[in-house]
Amino acid sequence: MSRVYNFSAGPAVLPEEVLKEAAAEMLDYNGTGMSVMEMSHRSKAFEEIITTAEQDLRDLMNIPDNYKVLFLQGGASQQFAMIPMNLMKNRVADYIITGQWAKKAAKEAEKYGKVNRVASSEDKTFSYIPDCSDLPISEDADYVYICENNTIYGTKFKELPNTKGKTLVADVSSCFLSEPVDVTKYGLIYGGVQKNIGPAGVVIVIIREDLITEDVLPGTPTMLTYKTHADAKSLYNTPPAYGIYICGKVFKWLKDMGGLSVMKERNEKKAKVLYDFLDQSKLFKGTVEKKDRSLMNVPFVTGDADLDAKFVKEAKEAGLENLKGHRTVGGMRASIYNAMPYEGVVALVDFMKKFEEENL
Ligand SMILES: Cc1ncc(COP(=O)(O)O)c(C=O)c1O
């Protein structure tokens, strides 16, 4: 068996220890004589899996008691609709547009109410985070929406926007658990787990209790009402049970590693290797304003599409996979999530140095 260094933006690399444990438990989970995949979601064994996963996530993120943790399905994209359906009491929301995902979320929300795009970085291909210290927040906005880490463009909010007292809603799909967060600053935090936490199919929503009400927009399906899932502790219907089990293992792994402060240090150390190289390279160039650089997704280009393609091909041959940039922007992108080891980033930079020597 040989494993590659996988720089995919998602689904993405998972900790090898977690995969090995899951493999060892595949046929007989904890003496039950069955795989978690085969198990009733109402069984005692699964109840323990989901309860422990939730508690470990609460410990990692220091989630206050007045927030619920929901394990849902439908991908992060389903939240683009679920958020307005549940939170748009006045039918007004403010969106900060820092990339394709925020753009899509805003467009979806427009089906349900008035969307004010209060800031955008589209003028420079989303290569920076706009100043959000004094935005024209709408008087009657039900919430202010951000995509906290922009997977495609490689930017991250280093400071949260000043929402002027309005509820902050954040898509953290690509920076989930990569560093400590102050949950109390948000009304709702959500993310698809397939980047930093687990296999595709699970979305985690962390939502303040006062935002969970029956007063949702008319026609909101039962399955798209937060209250349904909060009341049923994420077991209203069959949840993505195996995915939740793997998420739980990743939470344990993160705790064993020392928690989110340690992950932040590790992630900063990893990202620095790559950014430092990019900053002095004569061939490769980072595409993002330095102050807004993501620790998780690092886009870069040579400026020559053919050379970019050659790089991606040769990198793959060298065991460095999935370095092609998003189909809408081209170039390269290295996603270096929690589970990407330091050695993987060093191997990438070594390869880039060699490629530069051969191609300059
Ligand atoms: C920041 C962000 N939000 C939302 C999505 C959409 O996620 P999903 O495919 O789970 O709907 C992605 C996906 O890649 C993403 O990076």
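Not measured: the values here are computed from a predicted model. (Residues numbered from 1 in each chain as written. Predicted model: local features only at pLDDT ≥ 70, side-chain atom pairs only at ≥ 80, totals over all residues. Heavy atoms only, no water.)

Caption draft 1: Here's a closer look at the sheet that holds strand E11 (residues 285–286). The sheet built from three strands is open, its strands ordered E11-E12-E14 with antiparallel pairing. Of all strands in the sheet, those with a lone pairing partner are E11 and strand E14 (332–335), marking the two edges. Inspection of the sheet shows strand E12 (residues 297–301) paired to E14 by four bridges, in the antiparallel sense. Its bridge partner being in E14, proline 299 is matched across the sheet by arginine 333. Helix H7 (residues 260–280) rests against E11, E12 and E14 of the sheet, and its axis sits at about 20 degrees to E12. (Pairing = 2+ DSSP bridges. Helix = DSSP H or I, 4+ residues; strand = E, 2+ residues; numbered from the N terminus. Contact = heavy atoms within 4.5 Å. Axes fitted to C-alpha atoms, helices over the stretch in contact; angles between N-to-C directions.)

Caption draft 2: Focus on the pairing of strand E5 (residues 144–147). With burial as the criterion, each face of E5 is covered, one bearing Val144 and Ile146 and the other bearing Tyr145 and Cys147. With four bridges connecting them, E5 and strand E8 (residues 168–171) associate as parallel partners. Paired with isoleucine 146 across the two strands is alanine 170, which belongs to E8. (Buried < 20%, exposed > 50% of the residue type's maximum accessible area, 1.4 Å probe, protein only.)

Caption draft 3: Looking closely at the sheet that holds strand E9 (residues 188–192). Pairing within the open sheet is mixed, and its seven strands lie in the order E2-E10-E9-E8-E5-E3-E4. Edge positions in the sheet fall to strand E2 (67–72) and strand E4 (114–120), since each has one partner strand and no second. Ignoring strand direction, the axes of neighbouring strands in this sheet form an average angle of 20 degrees.

Caption draft 4: Representation of the site of the ligand in the model. Neighbouring residues of the ligand: Gly75, Ala76, Ser77, Phe80, Trp101, Cys147, Asn149, Thr151, Asp171, Ser173, Gln194 and Lys195. Separating an oxygen atom of the ligand from a side-chain N or O atom of threonine 151 is a distance of 2.5 Å. A per-element tally of the shell around the ligand places helix H3 (residues 75–87) first, with four residues. Taken together, the residues that form the shell around the ligand break down as four nonpolar, six polar and two charged. (Near = heavy atom within 4 Å. Polar contact = N/O pair within 3.5 Å; in protein donor to acceptor, adjacent residues only side chain to side chain. Nonpolar A, V, L, I, M, F, W, Y, C, P; charged D, E, K, R; others polar.)

Caption draft 5: Quick peek at the environment of glycine 191. Mapped onto the secondary structure, glycine 191 falls in strand E9. Residue class for glycine 191 comes out buried when judged on its relative accessible area of 0%. Taking the C-alpha atoms as reference points, glycine 191 and isoleucine 206, separated by 15 residues in sequence, lie 9.2 Å from one another. Those residues in contact with glycine 191 that lie beyond four places of it in its chain are Val172, Ser173, Phe176, Val202, Val203 and Ile204.

Caption draft 6: The arrangement of the pattern of salt bridges in detail. Applying the stated criterion across every chain yields a total of 27 salt bridges. Across the salt bridge formed by lysine 249 and glutamate 21, the nearest N and O atoms sit 2.8 Å from each other. Here the residue lysine 249 occupies a position in helix H6 (residues 241–257), and glutamate 21 occupies one in helix H1 (residues 16–24), the gap between them amounting to 228 residues. For lysine 252, the salt bridge goes to aspartate 56, with nearest N and O atoms at 2.7 Å. Taken together, the residues lysine 252 in helix H6 and aspartate 56 in helix H2 (residues 44–61) connect sequence positions 196 residues apart. The class for lysine 252 is partly exposed, based on a relative accessible area of 38%. (Salt bridge = Lys/Arg side-chain N within 4 Å of Asp/Glu carboxyl O.)

Caption draft 7: Geometry of empty space enclosed by the protein. According to the stated counting rule, one finds one cavity of 30 Å³ or more in the structure shown. When its volume is computed, the largest cavity comes out at roughly 80 Å³. Lining the largest cavity we find Met61, Glu148, Lys156, Val172, Cys175, Phe176, Leu177, Glu179, Val181, Ile189 and Leu260. Split into classes, the residues belonging to the lining of the largest cavity amount to eight nonpolar, no polar and three charged. (1 Å grid on protein atoms, 1.4 Å probe; cavity = no way out; pocket = protein on both sides within 12 Å on 5 of 7 lines; lining within 4 Å. Points joined across faces, edges and corners; volume = space filled by probe spheres on them.)

Caption draft 8: Structural context of the domain arrangement of the chain. Once the domains are mapped, the chain shows domain 1 (17–257) and domain 2 (258–359). Put simply, the middle of domain 1 and the middle of domain 2, counted by C-alpha atoms, are 27 Å apart. Across the contact, 28 residues belong to domain 1 and 28 residues belong to domain 2. Between domain 1 and domain 2 lies a buried interface of about 2,300 Å² when both sides are counted; carbon and sulfur atoms form 55% of it. Counting across the interface, domain 1 meets domain 2 through zero salt bridges. At the surface where domain 1 touches domain 2, the tally comes to 16 residue pairs in polar contact (both at pLDDT 80 or more). For the side of domain 1 that touches domain 2, the secondary structure elements donating two or more residues are H2, strand E6 (149–150), strand E7 (155–156) and H6. Across the side of domain 1 that touches domain 2, the residue classes tally to 13 nonpolar, nine polar and six charged. (Domains from an automatic or database assignment. Buried area = accessible area lost by both parts, 1.4 Å probe.)

Caption draft 9: Geometry of the packing of H7 against helix H9 (residues 342–359). Taken N-terminus to C-terminus, the directions of H7 and H9 make an angle of 10 degrees; their axes are 9 Å apart at the nearest point. By the angle class used here, H7 and H9 are roughly parallel. Contacts between H7 and H9 pair Lys269, Lys270, Val273, Leu274, Phe277 and Leu278 from the former with Tyr342, Val345, Val346, Leu348, Val349, Met352, Lys353 and Glu356 from the latter. Its residues placed into classes, the contact of H7 with H9 shows 10 nonpolar, no polar and four charged. (Parallel < 35°, antiparallel > 145°, perpendicular 65-115°, else oblique.)

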